[in-house]
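Structural characterization, general
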Amino acid sequence: MNLLLDTQAFLWLATEPERVPARVVRVVKEPSNELFLSAASIWEMAIKRSIGKLSGEMGLADLVSLAR
């Protein structure tokens, strides 16, 4: 199954997986599922980072690489 991740869902999965329902984590981790992240999500995260609404030790490129 192809899954297009919402920006917030992606961020929670990458940084705070405990906030994501267990059922969703199981679906995302299923090896037969392919995960996608929209270019708009990258843009949204870059904007949030630039205005201080997205912080953390992980850089944007590192976050995005988690989607691979």
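Residues numbered from 1 in each chain as written. Predicted model: local features only at pLDDT ≥ 70, side-chain atom pairs only at ≥ 80, totals over all residues. Heavy atoms only, no water.

What follows is about the overall build of the protein. Each helix and strand counted, the protein has four helices and two strands in total. Secondary structure elements in the protein, listed N-terminal to C-terminal, are β-α-α-β-α-α. By the compact-globule yardstick of 11 Å for 68 residues, the protein fits well, its C-alpha radius of gyration being 12 Å. Each principal axis of the C-alpha distribution contributes one length, and for the protein these read about 35 × 25 × 15 Å. Within the protein, buried positions represent 19% of all 68 residues. The contacts of the protein with a sequence gap of at least 6 include a subset with a gap of at least 24, amounting to 58%. When the accessible surface of the protein is split by element, carbon and sulfur atoms take 57% of a total near 4,900 Å². The positive charge centre, built from 8 side chains, and the negative charge centre, built from 8, are 4 Å apart in the protein. (Helix = DSSP H or I, 4+ residues; strand = E, 2+ residues; numbered from the N terminus. Rg over C-alpha atoms; globule rule 2.2 N^0.38 Å. Buried < 20%, exposed > 50% of the residue type's maximum accessible area, 1.4 Å probe, protein only. Contact = heavy atoms within 4.5 Å. Areas by Shrake-Rupley, 256 points an atom, 1.4 Å probe, with all protein chains shown as cover. Lys, Arg positive; Asp, Glu negative; His and termini not counted. Charge placed at Lys NZ, Arg CZ, Asp CG, Glu CD.)

Okay, helix 3 (residues 39–50) next. Under the 1.5 Å per step criterion, the end-to-end length of helix 3 is 17 Å for 12 residues, consistent within 8% with the ideal 16 Å. The N-cap residue of helix 3 is S38: its side-chain oxygen and the backbone nitrogen of A40 are 3.0 Å apart. Just past helix 3, the residue G52 takes up positive phi, approximately 85°. (Expected span 1.5 Å × (residues − 1). Polar contact = N/O pair within 3.5 Å; in protein donor to acceptor, adjacent residues only side chain to side chain.)

When pLDDT is averaged across the protein, the result is 87; 94% of the residues are at 70 or more. Element-level mean pLDDT values for the protein span from 73 in helix 4 (residues 60–65) up to 94 in strand 1 (residues 2–5). (pLDDT = per-residue confidence, 0-100.)

Turning our eyes to something else, we now look at the pattern of salt bridges. Tallying each qualifying case throughout the model produces two salt bridges. Among the ionic pairs, R19 bridges to E16, the shortest N-O distance being 3.7 Å. Residue class for R19 comes out partly exposed when judged on its relative accessible area of 45%. For K48, the salt bridge goes to E44, with nearest N and O atoms at 3.8 Å. Highlighted residues: K48 and E44, both in helix 3, separated by four residues, approximately one helical turn. With a relative accessible area of 30%, E44 lands in the partly exposed category. (Salt bridge = Lys/Arg side-chain N within 4 Å of Asp/Glu carboxyl O.)

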